[in-house]
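Observations on the three-dimensional arrangement
Letter by letter, the chains look like this.
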Amino acid sequence: MTKLYPIKTGAAILAGGKSTRFDGQNKALIKVSGETILERNIQILRSLFDEIHIISNKTEEFEHIGIPVFADDIDNIGPLGGIYTALLHSNCEAVFVFSCDMPFLSEDMIKNIIAHFTKNRSQILIPQIHNKIEPLHAIYATSILSVLENYIKNTSKYKIRLFFPMVSTSYLQLEDSEENHKAFLNINSFDDYAAIKNRL
């Protein structure tokens, strides 16, 4: 029985990036206000989801967390491979997938995304503000797995949004507010990290 939703829903934290602009450091494990981004986010996720997974090729760096970690089942295709791996290892009907370097996840926003997903029953639901979409803060049905696998095997273009027309994809238009923009902030560089620490 799901905790909050009519369908069984899980969460997957994508932590497989090379962090080239962050000297290769694991961004999930950098600290913001005295705790790692991962710790901050897990506190929110535990109350919302039936299962939580971490997707990373650096599995040894997460052994102390106590959450299942899966390496990419298909290497070197970027976040699309992380989404594929998350769906492949999930026991849920849908998975909320997001990037590990987002320190300000919003519980209310996640609930809103999942509520719209379960109501509309599309296979993918992507939040957006104006024309900017957030595919790494979105929900994906595990029913797309076979289509996604076939797509990956037959393309050389692994940009996530190019896959969306292959399945039923909907977009959730969000208010252009400071609170919503904050939830989508991520850390790509040391300048981003400094700006977020100053913001706090």
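Residues numbered from 1 in each chain as written. Predicted model: local features only at pLDDT ≥ 70, side-chain atom pairs only at ≥ 80, totals over all residues. Heavy atoms only, no water.

In this structure the tally under the stated criterion is five salt bridges. Between arginine 40 and glutamate 35 there is a salt bridge, and its shortest N-O distance comes to 3.9 Å. Lysine 153 serves as the salt-bridge partner of glutamate 149, at 3.4 Å between the closest nitrogen and oxygen. With glutamate 149 and lysine 153 both in helix H4 (residues 145–153) and four residues apart, the pair spans about one turn of that helix. (Salt bridge = Lys/Arg side-chain N within 4 Å of Asp/Glu carboxyl O. Helix = DSSP H or I, 4+ residues; strand = E, 2+ residues; numbered from the N terminus.)

Secondary-structure assignment places serine 122 in the loop between helix H3 (107–120) and strand E7 (124–129). The class of serine 122 is buried, set by a relative accessible area of 5%. Here the side chain of serine 122 touches serine 170 through a polar contact of 3.3 Å, side chain to side chain. If we skip the residues at most four places from it in the chain, serine 122 touches Phe117, Ser168 and Ser170. (Buried < 20%, exposed > 50% of the residue type's maximum accessible area, 1.4 Å probe, protein only. Polar contact = N/O pair within 3.5 Å; in protein donor to acceptor, adjacent residues only side chain to side chain. Contact = heavy atoms within 4.5 Å.)

What follows deals with the confidence of the model for the protein chain. With 92% of its residues at a pLDDT of at least 70, the protein chain reaches an overall mean of 90. The least confident element of the protein chain is helix H7 (residues 190–199), whose mean pLDDT is 75; the most confident is E7, at 98. (pLDDT = per-residue confidence, 0-100.)

Within the element layout of this structure, arginine 40 appears in helix H1 (residues 37–46). Separated by 3.2 Å, the side chain of arginine 40 and the backbone oxygen of proline 103 make a polar contact. The contact partners of arginine 40, leaving out residues within four places of it in the chain, are Val32, Ser33, Glu35, Pro103 and Phe104.

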